[in-house]
Amino acid sequence: MTRILENLAAARRSGKPAGITSVCSAHPVVLRAAIRRAAASKTPVLIEATCNQVNHLGGYTGMTPRDFVSFANSIAEEEGLPRELVIFGGDHLGPNPWRRETAEEALTKAAAMVEAYVTAGFRKIHLDASMGCAGEPAALDDETIANRAAKLATVAEKAAAAAGLPKPLYILGTEVPVPGGADHVLDTVAPTQPQAARQTIDLHREIFARHGLSDAFERVIAFVVQPGVEFGSDNVVAYDPQAATALNAVLDAEPQLVFEAHSTDYQTQAALTTLVCDGYSILKVGPGLTFAYREALYALDMIASEMIGDYGDRPLARTMEELMLSSPGDWRGHYHGDDITLRLQRHYSYSDRIRYYWTRPEALAAVSTLHKALDEKTIPEPLLRQYLGELPLAAVAGKDMEEVLVAAVDQVLATYHAATGEGCH
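From a predicted model like this one, the values you see are computed outputs, not experimental measurements.

Helix length check: helix α17 (residues 401-421), at 21 residues, gives a terminal C-alpha distance of 30 Å against a target of 30 Å (1.5 Å per residue), a fit within 8%. Bending of α17 peaks at approximately 30° at the position of Gln411. Within the sequence span of α17, burial applies to Met401, Val404, Leu405, Val406, Ala407, Ala408, Val409, Leu413, Tyr416, Ala419 and Thr420.

With that out of the way, let us pick up the packing of helix α3 (residues 28-41) against helix α4 (residues 65-79). Across the interface, α3 lies against α4 with an axial gap of 9 Å and an inter-helix angle of 50°. Here α3 lies oblique to α4, going by the angle between them. For α3 against α4, the interelement crossing comes out right-handed. Here Pro28, Leu31, Arg32, Ile35, Arg36 and Ala39 of α3 come into contact with α4, specifically with Phe68, Phe71, Ala72, Ile75, Ala76, Glu78 and Glu79. Across the contact of α3 with α4, the residue classes break down as nine nonpolar, no polar and four charged.

Time to look at the layout of surface pockets. Space inside the second largest pocket adds up to approximately 540 Å³. Along the walls of the second largest pocket sit 26 residues, with Phe291, Ala292, Glu295, Glu390 and Gln411 positioned nearest its centre. Among the elements of the structure, α11 (287-307) and α17 are those that each provide at least two residues to the lining of the second largest pocket. Its residues assigned to classes, the lining of the second largest pocket comprises 15 nonpolar, six polar and five charged.

Let us now look at the pairing of strand β1 (residues 20-24). Where burial is concerned, most of β1 is hidden: five out of the five residues are buried. The side-chain alternation of β1 yields two buried faces, one formed by Ile20, Ser22 and Cys24 and the other by Thr21 and Val23. With four bridges joining them, β1 and strand β10 (residues 280-285) adopt parallel strand pairing. Directly across from Val23, in β10, lies its bridge partner Val285. Bridge analysis of β1 against strand β2 (residues 45-50) gives three bridges, and the strand direction is parallel. Looking across to β2, one finds that Cys24 is bridged to Glu48. The β-α-β motif built from β1, the intervening α3 and the parallel element β2 has right-handed crossover chirality.

Confidence in the prediction for the protein averages 95 pLDDT; 96% of positions are at 70 or higher. The model gives residues 177-181 a pLDDT under 50, and that stretch makes 15 contacts with residues more than four places away or in other chains.

Another point: the nonpolar core. Within the largest apolar cluster, 121 residues are counted, with the highest numbers of intra-cluster contacts made by Phe68, Tyr280, Leu300, Leu316, Met320 and Trp358. Broken down by element, the residue count for this core peaks at ten residues, all from helix α5 (residues 103-120). Dropping the residues within four chain positions of it, Phe68 is found in contact with Ser25, Ala26, Leu31, Ile47, Glu48, Ala49, Val54, Met63, Phe88 and Phe122. Of all hydrophobic cores here, the second largest spans 13 residues; its members include Leu5, Leu46, Ile171 and Ile282.

Here we take up α5. Over its 18 residues, α5 extends 25 Å from the first C-alpha to the last, a length consistent with the 26 Å expected when each residue adds 1.5 Å. For α5, the full list of buried residues reads Ala103, Ala106, Leu107, Ala110, Ala111, Met113, Val114, Ala116, Tyr117, Val118 and Ala120. Residues of α5 that are buried make contact with β2, α4, β3 (86-93), β4 (124-127) and α6 (142-163). Note on α5: the residue one or two positions beyond its end, Gly121, has a positive phi of about 110°.

Rules of the game
- Residues numbered from 1 in each chain as written.
- Predicted model: local features only at pLDDT ≥ 70, side-chain atom pairs only at ≥ 80, totals over all residues.
- Heavy atoms only, no water.
- Helix = DSSP H or I, 4+ residues; strand = E, 2+ residues; numbered from the N terminus.
- Expected span 1.5 Å × (residues − 1).
- Bend = angle between axes of the 7 residues up to and from the residue.
- Buried < 20%, exposed > 50% of the residue type's maximum accessible area, 1.4 Å probe, protein only.
- Axes fitted to C-alpha atoms, helices over the stretch in contact; angles between N-to-C directions.
- Parallel < 35°, antiparallel > 145°, perpendicular 65-115°, else oblique.
- Left-handed = near helix turned anticlockwise from the far one by under 90°.
- Contact = heavy atoms within 4.5 Å.
- Nonpolar A, V, L, I, M, F, W, Y, C, P; charged D, E, K, R; others polar.
- 1 Å grid on protein atoms, 1.4 Å probe; cavity = no way out; pocket = protein on both sides within 12 Å on 5 of 7 lines; lining within 4 Å.
- Points joined across faces, edges and corners; volume = space filled by probe spheres on them.
- Pairing = 2+ DSSP bridges.
- Right-handed = clockwise from strand over helix to strand, strands pointing away.
- pLDDT = per-residue confidence, 0-100.
- Core = buried A, V, L, I, M, F, W, Y, C linked by side-chain atoms within 4.5 Å.

Have a look at this one:
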C-alpha cells in the first residue's frame, strides 16, 4: 500500500522522478472525487487529515482519526476501491490545536493525538512541533522543535508496536506556508535557504539518534521545505525553479529523502510537473479542491435561480453569507479590507475559508434545498455553458448535482494526476 511512498526517493535517484498527490480534505465530495479517480486508474490515493481537522478530541470536523478512516473507507467501498489502495496521512501532528495552553499540556494532548492517528491506521505521519505554546516565543529554536518531534515519534513507534501495525513513515520539517494560504497579497515567496534545510535534516538525524530513534529516522521519507509557492486571498505565487535550484540540490546528498511541498493549490500543471521533477515528490492540495466544489455549487445555485421559479435568488449564497456573518471566527483575522472586499473574500477567496462552514446545519440544509430543486430537472446546455463553462460539457450534461460537483473537483485532481505521472524530460 505505502510502497509508492517508500520508493519516491529511489525513483528520483534513478532519474525517473515520481510523485503523489496528497489530498488534504475531509469534505465528502472531495474524498469521493479522489477515491473515484484512484478506482478508475487503479492507483493508490493518499488522503490526509490535519491536527485541527481531526484529532482524538474530535477536531473541527467532530471526527477522531478512527472515525475519519471509517468515513473514507466507506466511500472507497461505495466506489469499488480496494482498501489497500487507500493511504492515510496525518498532517502537522503536534501541539498546534492547543498552543494557547502550556507546553506540557499541549504536548501531552499532541502525544495522545499521535497515538490515536497511528492506531487508527494512519501510516504517513508528519510531525510538526514548531509552534510555541503559552509563555513561549511564537517561533521556537530548531533543537527544541527536533526534540519535541522525537518525543512524538517515540509515541508513534510504541503505538504501532502495541497495535501490531506496520511502523510509521515520517515527514519532518516545518518551514511551510501559512496553513490555508497567506492572508495578504504576496508578490514572491523566498525558498528555504539550502543551509537551513541541511541544518534541519542533520539536527533531526542527530536528535533522533540521541532518543534511540535511528531506526525510525531511516523511515523518514521527506522533509517539508518552502519551494517558493504560495497563495493568498486574491493571488497565487507560481513556482520559480531557478530560484529553488540551490535548495533542490540539497537532496543530492540525502539519498533516502524527497521534499514535500505544501500549499501547491492553484499552481499550473506545468509548475506541478516541474516541482515533481525537482524532487518535491509529495504535492499537498486542499483549499484548491474545496474552492472548485464551491465554484460549482454556486454555479448550480445560479442555474436554479434562473430556471426554477420558486427557488429564489441565490438562496444558497445568501445562507452562506448569513452564516459567516453570524459565526465569523473562521474567517475574521484572515481577511482584510472594506465591507465589499470582505464580502468578496468570504465567498471567493483562494484561501477558501468558507470550507469550514459546509458541515454546519444551515449550510447542509441550503445544499439539500438546492439538490431537491434540481432533482429530476434537466439543465439546458446553454445554462451549463454559461455557469459551468470551464467544465467539459460531456462531464456535466444530463448529470445530477452530485456528479457535477465531483466533476468539478476531479478537474483539479486531473491536473495533479498528470503532473505526478507525466515524467520529466
